[in-house]
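Single-letter residue listing:
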Amino acid sequence: MELLTLKVKPLSTFVTIPKGDTIFGHILAYLYSNKEGKGYFKDYLTNKPKLIVSDMMPFGYVYKPNLPLDCFKSSNLDDVDKKELRKRNFISLENLQDGNLHLCEKIKFSNTFATIKNSIHRNTFTTGIENFAPYGIEETIYFTNLWMFILVDNDIKDLILKTVSKIGKFGFGKYASVGKGSFEIELINTPVKDIDSNYSISISPTILKDKNIEMSWYEPFTRFGKYGLHNAHTNAFKKPSLMADSGAVVKLKEKTRYFGSCLNNGIDEKLSFLQGYSISIPFKIKDEKCLNLK
């Protein structure tokens, strides 16, 4: 498998947050609808993954690791400003991997706002014969470039890059048909270093059901999935799935390029693949005492 790094230039606002499992779902929806690469994923639930996708994050940064606050102490300080630290949400990839966790930063790279919409009756081109009923949706605008990582088998690398580019052209997530979620991608050199550490951070929502995980620190995240296309006609909702949110930290028994597991969160006969894997980003913890390990 090859680790790819994509620089992402947002071209419009987003209505759906670009998390890794959601982007993965979009990629598969494109492949299955066009019958391209469909055979590559028929054994996804039973074999090793051929594709793992990360969240989109501020360019050059990853999530602040979800660790006890004492792990973020500087060597020059006896204590840490916990109130200030909670506001810091990201850390540069270099500082993370080098173990300089106290250098995490408060990054303001997006803004979320509400817009008002109203349904249009396509026969009369009016808002309908009943009462005027506007509704609001939340949109997110990104001020800076983003990046994402993809771990992929070499035999489908070009197909996946082509599909992600196509998603960026036609839109990602809700309201893509009216231009939301548009972006451009650029393949760049991967800056992730292969360091000697068994600690790794997740960069997408993860199912921490993995025999290789010795310990974990995380915030829970519930994925309420929905079907699309022809599968949404009867029951549009999938089984809710409890995951570890992005930024989870795991201690691995053996170093690997990814961790986690996958899940069929479909209902009845409608099969659904949920990406519960995360690309492994190894990093150093300079003093393990902060973890309060017994």
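Residues numbered from 1 in each chain as written. Predicted model: local features only at pLDDT ≥ 70, side-chain atom pairs only at ≥ 80, totals over all residues. Heavy atoms only, no water.

Caption draft 1: Focus on helix H1 (residues 20-33). Its 14 residues place the ends of H1 20 Å apart at the C-alpha level, agreeing with the 20 Å of an ideal helix rising 1.5 Å per residue. Buried within H1 we find Gly20, Asp21, Thr22, Ile23, Phe24, Ile27, Leu28 and Leu31. Buried residues in H1 make contact with strand S2 (51-53), strand S8 (146-152), helix H4 (157-170), strand S12 (220-223), strand S13 (241-244) and strand S17 (273-274). (Helix = DSSP H or I, 4+ residues; strand = E, 2+ residues; numbered from the N terminus. Expected span 1.5 Å × (residues − 1). Buried < 20%, exposed > 50% of the residue type's maximum accessible area, 1.4 Å probe, protein only. Contact = heavy atoms within 4.5 Å.)

Caption draft 2: Examining the packing of H1 against H4 more closely. Running from N to C, H1 and H4 cross one another at 100°; their axes reach a closest spacing of 10 Å. With respect to each other, H1 and H4 are oriented roughly perpendicular. Side by side, H1 and H4 meet where His26, Ile27, Tyr30 and Leu31 of the first sit next to Leu159, Ile160, Thr163, Val164, Lys166, Ile167 and Phe170 of the second. By residue class, the composition of the contact of H1 with H4 is eight nonpolar, two polar and one charged. (Axes fitted to C-alpha atoms, helices over the stretch in contact; angles between N-to-C directions. Parallel < 35°, antiparallel > 145°, perpendicular 65-115°, else oblique. Nonpolar A, V, L, I, M, F, W, Y, C, P; charged D, E, K, R; others polar.)

Caption draft 3: Local environment of the pairing of S12. Side chains of S12 alternate between two faces, with Phe221 and Arg223 buried and Pro220 and Thr222 left unburied. Pairing analysis gives four bridges linking S12 to S13, with the strands arranged antiparallel. The partner of Thr222 across the bridge, within S13, is Leu242. (Pairing = 2+ DSSP bridges.)

Caption draft 4: Spatial organisation of a positive patch on the surface. Among the surface-exposed residues, Lys83, Lys87, Lys106 and Lys108 lie close enough to one another that they form a single positively charged patch. As for its position among the elements, Lys108 is in the loop between helix H3 (93-98) and strand S6 (110-117). For Lys108, a relative accessible area of 59% translates into the label exposed. (Patch = residues over 30% accessible without salt bridge, like charges linked within 9 Å, V, L, I, M, F, W, Y side chains within 5 Å. Areas by Shrake-Rupley, 256 points an atom, 1.4 Å probe, with all protein chains shown as cover. Salt bridge = Lys/Arg side-chain N within 4 Å of Asp/Glu carboxyl O. Lys, Arg positive; Asp, Glu negative; His and termini not counted. Charge placed at Lys NZ, Arg CZ, Asp CG, Glu CD.)

Caption draft 5: Main features of H4. If you check H4, its first and last C-alpha atoms are 20 Å apart, about what 14 residues at 1.5 Å a residue would give, namely 20 Å. Within H4, the full set of buried residues consists of Lys157, Leu159, Ile160, Leu161, Thr163, Val164, Ile167 and Gly168. Those residues of H4 that are buried lie in contact with strand S1 (2-10), H1, S2, S8 and strand S9 (183-188). In the stretch just after H4, Gly171 is the one whose phi turns positive, near 105°.

Caption draft 6: Structural view of the state of the cysteines. This structure, assessed with the given rule, holds one disulfide. One disulfide in the model links Cys71 with Cys290; its S-S distance is 2.1 Å. In this structure, the disulfide formed by Cys71 and Cys290 twists by about 90° around the S-S bond and is classed as right-handed. Remark: Cys290 occurs in the segment after strand S19 (281-282) and Cys71 occurs in the loop between strand S4 (61-63) and helix H2 (82-87); sequence separation between them is 219 residues. A relative accessible area of 10% means that Cys290 is categorised as buried. (Disulfide = S-S within 2.5 Å.)

These figures capture arrangement, not role.
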